[in-house]
There are 2 protein chains.
Amino acid sequence: MALLPKALSRLIESFKKLPGVGPKTAQRLVFYLLHVPQEDLDQFGDRLKALKASTVLCSICKNVAEEDPCGICSDSGRDQSVVCVVEQPTDVLAIERTGKFKGLYHVLHGAIDPLNNIGPDEIYISDLIKRVNASTHQRVNEIILATNPNMEGEATAMYIQKQLSAISHQSSDKPKVTRLAHGLPMGADIEYADDVTLSRALDGRREF
Amino acid sequence: MALLPKALSRLIESFKKLPGVGPKTAQRLVFYLLHVPQEDLDQFGDRLKALKASTVLCSICKNVAEEDPCGICSDSGRDQSVVCVVEQPTDVLAIERTGKFKGLYHVLHGAIDPLNNIGPDEIYISDLIKRVNASTHQRVNEIILATNPNMEGEATAMYIQKQLSAISHQSSDKPKVTRLAHGLPMGADIEYADDVTLSRALDGRREF
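Thresholds, definitions, all that
- Residues numbered from 1 in each chain as written.
- Chains lettered and ligands numbered in written order.
- Predicted model: local features only at pLDDT ≥ 70, side-chain atom pairs only at ≥ 80, totals over all residues.
- Heavy atoms only, no water.
- Helix = DSSP H or I, 4+ residues; strand = E, 2+ residues; numbered from the N terminus.
- Rg over C-alpha atoms; globule rule 2.2 N^0.38 Å.
- Salt bridge = Lys/Arg side-chain N within 4 Å of Asp/Glu carboxyl O.
- Contact = heavy atoms within 4.5 Å.
- Buried area = accessible area lost by both parts, 1.4 Å probe.
- Polar contact = N/O pair within 3.5 Å; in protein donor to acceptor, adjacent residues only side chain to side chain.
- Nonpolar A, V, L, I, M, F, W, Y, C, P; charged D, E, K, R; others polar.
- Buried < 20%, exposed > 50% of the residue type's maximum accessible area, 1.4 Å probe, protein only.
- Arc of directions from axis to C-beta.
- Pairing = 2+ DSSP bridges.
- Axes fitted to C-alpha atoms, helices over the stretch in contact; angles between N-to-C directions.
- Core = buried A, V, L, I, M, F, W, Y, C linked by side-chain atoms within 4.5 Å.
- Disulfide = S-S within 2.5 Å.
- Phe/Tyr/Trp six-rings, centres within 6.5 Å; stacked < 30°, edge-to-face > 60°.
- Right-handed = clockwise from strand over helix to strand, strands pointing away.

Engineer: I'm lost on the overall build of chain A in this one. Help?
Structural biologist: Of the regular secondary structure elements, chain A holds seven helices and six strands. In sequence order, chain A lays out its α and β elements as α-α-α-β-β-β-α-β-α-β-α-β-α. Relative to a compact globule of 208 residues, whose C-alpha radius of gyration would be 17 Å, chain A shows 22 Å and is clearly more extended. C-alpha atoms of chain A, sized along the principal axes, occupy 70 × 50 × 35 Å.

Engineer: I keep staring at the pattern of salt bridges and nothing clicks. Help me out?
Structural biologist: Side-chain pairing between opposite charges can occur once the charged atoms of the two side chains come close. Residues and elements named next belong to chain A. By the definition in use, this model includes 14 salt bridges over all chains. Between E154 and R200 there is a salt bridge, and its shortest N-O distance comes to 3.8 Å. Here E154, found in helix α6 (residues 151-170), pairs with R200, found in helix α7 (residues 195-203); they are 46 residues apart in sequence, far enough to count as distant.

Engineer: Looking at this structure, how should I read the interface of chain B and chain A?
Structural biologist: A common way to express how large an interface is: the accessible area buried when the components associate. If you look at the interface, chain B gives 51 residues, while chain A gives 51 residues. When chain B packs against chain A, close to 5,000 Å² is buried across both sides, 69% of that on carbon and sulfur atoms. Inspection of the chain B/chain A interface yields four salt bridges. For the salt bridge of K49 of chain A with D46 of chain B, the shortest nitrogen-to-oxygen distance reads 2.5 Å. Summed over the shared surface of chain B and chain A, the number is 16 residue pairs in polar contact (both at pLDDT 80 or more). Among the secondary structure elements, those contributing two or more residues to the side of chain B that touches chain A are α1 (6-16), α2 (23-33), α3 (38-50), β2 (64-65) and α4 (89-98) of chain B. The greatest single-element share of the side of chain B that touches chain A, amounting to 12 residues, is contributed by α3 of chain B. Class assignment of the residues belonging to the side of chain B that touches chain A gives a composition of 28 nonpolar, 10 polar and 13 charged.

Engineer: Honestly, helix α1 (residues 6-16) of chain A in this entry has me stumped. Any pointers?
Structural biologist: Each α-helix winds once per 3.6 residues, and so residues spaced three or four apart point in a common direction. When α1 of chain A is considered as a whole, its buried residues turn out to be A7, L8, L11, I12, S14 and F15 of chain A. Summarising the axial view, the buried residues of α1 of chain A lie within an arc of 160°, below the 170-degree limit, and thus occupy one face. The inward-facing, buried residues of α1 of chain A abut α2 (23-33) of chain A together with α1, α3 and β2 of chain B.

Engineer: Would you take a moment to explain the sheet that holds strand β6 (residues 176-179) of chain B for this structure?
Structural biologist: The strands that make up a sheet are held in pairs by hydrogen bonds between backbone atoms, and each pair lies either parallel or antiparallel. Residues and elements named next belong to chain B. With parallel pairing, four strands are arranged side by side in an open sheet as β4-β3-β5-β6. Looking along the sheet, the strands with just one partner apiece sit at the ends: β4 (103-107) and β6. In this sheet, adjacent strand axes meet at a mean angle of 25° when their direction is disregarded. Relative to β6, strand β5 (residues 142-145) is paired through four bridges, and the arrangement is parallel.

Engineer: I would appreciate a short explanation of the nonpolar core in the present structure.
Structural biologist: Proteins that are soluble and globular tend to have nonpolar side chains buried together. Within the largest apolar cluster, 40 residues are counted, with the highest numbers of intra-cluster contacts made by F15 and L33 of chain A together with F15, L33 and L48 of chain B. Where this core is concerned, the elements lending two or more residues are α1, α2 and α3 (38-50) of chain A together with α1, α2 and α3 of chain B.

Engineer: So what exactly am I meant to see when it comes to the state of the cysteines here?
Structural biologist: Covalent bonding between the sulfur atoms of two cysteines defines a disulfide. Residue and element names in this part refer to chain B. Applying the stated criterion to the full structure yields zero disulfides over all chains. The thiol sulfur of C73 is not disulfide-bonded, and the nearest other cysteine sulfur, from C61, lies at 3.6 Å. Residue classification places C73 among the buried positions, given a relative accessible area of 9%.

Engineer: Just to check I follow, could you spell out the packing of aromatic side chains for this structure?
Structural biologist: Any two aromatic rings considered together are summarised by their centre-to-centre distance and by the angle between their planes. Residue and element names in this part refer to chain B. Counted according to the given criterion, the structure contains four aromatic pairs over all chains. Taking the centre distance of 5.2 Å and the plane angle of 65° together, the rings of F101 and Y105 count as edge-to-face. For the pair F101 and Y105, one class covers both residues: buried.

Engineer: Before we go on, may I ask you to explain the pairing of strand β3 (residues 82-86) of chain A in this structure?
Structural biologist: The side chains of a regular strand alternate between both faces of the sheet. All names here are of chain A. The buried count for β3 comes to five of five residues, which makes it a mostly enclosed element. Here β3 shows two buried faces, one formed by V82, C84 and V86 and the other by V83 and V85. As paired strands, β3 and strand β5 (residues 142-145) are joined by four bridges and run parallel to one another. Bridge assignment links V85 to a residue of β5, and that residue is L145. Relative to strand β4 (residues 104-107), β3 runs parallel, the two being bridged by four bridges. Paired with V85 across the bridge in β4 is H106. Chirality of the crossover, the property in question, places the unit of β3, helix α4 (residues 89-98) and β4 among those that are right-handed.

Pasting the structure below:
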């Protein structure tokens, strides 16, 4: 590829590092960008460079935010007694989009995944335990474990539940620990549902 | 999406402008970039900003290059008498990868596409005609029309051929105009080949 000008091949290298972007896509994007006005490129470049400098992790919920504490944690209108534990900041966005949840969040930034060397200490679990322990003025009544319904997410939820029950033994008022419901997604075909989902849907059946 | 820090939502906007990148992909990429070292982000940003400043269009073949004339046009070891006409710089890369072609190129930067308001004057056709006309010291013997085998590419090839035959009437030595062979791609199944490809393959059959 000595044919390509260095400016192009270098930018292709940068794009190739992004997840899901292969050599062909990277090349296509870079050739597309050749036709984009310089001011747009400058803007794009400046935004990339400023990304991390202008974001912080909220010291309470560990969500990505503009200020610390984040907008959700500092919103006195929200229910401080419910904490929804999620794996990623994007999960917060998804739950907020439903408009159904008015409590606070805790972002783990991952899930326990021994195959990829991610143990409980690599994600923000101890911060969650400390947070629940420390909530003296405003008690946490419920912790919703909203980790993903896969192996890593289930293991993480189980680990957190064990940690939380260890606290509860010491204090008199146990916080309730819940998990998101599992079952058939809306619009699904029962015929094509996988066995695990279908058996979870049966287990979780409710009176109509 | 007021929940997202501005630094993130702005970068998502920039990614969304790229072809084939939707809102979900843009979001995924930006959250991924949050975990990338700052120096990589700086490098990515600088490369984006430098992209256009450090590339030029070769004044002879209109390919994207580091210098003018480009490495191919200034390579005296290449056959100056054959010009391969392609739609995009990426087509040059594809043909070079075969190692089969040792002539020069002409990059049109598009194809005639009336539905999208791209006429012959929007792409580098007149430059090609001038180039063939002006080649006095080194005659162009053959022009290979390697535009894409689709409607726009075919229309472009036909238009260029017409323009070239208009020149040839004036001069005595006609340059040969050729087109890439059409037929079954290697590894294809005849059973699943489309009708047009199969009839082209029959038309273009050669003695074995």
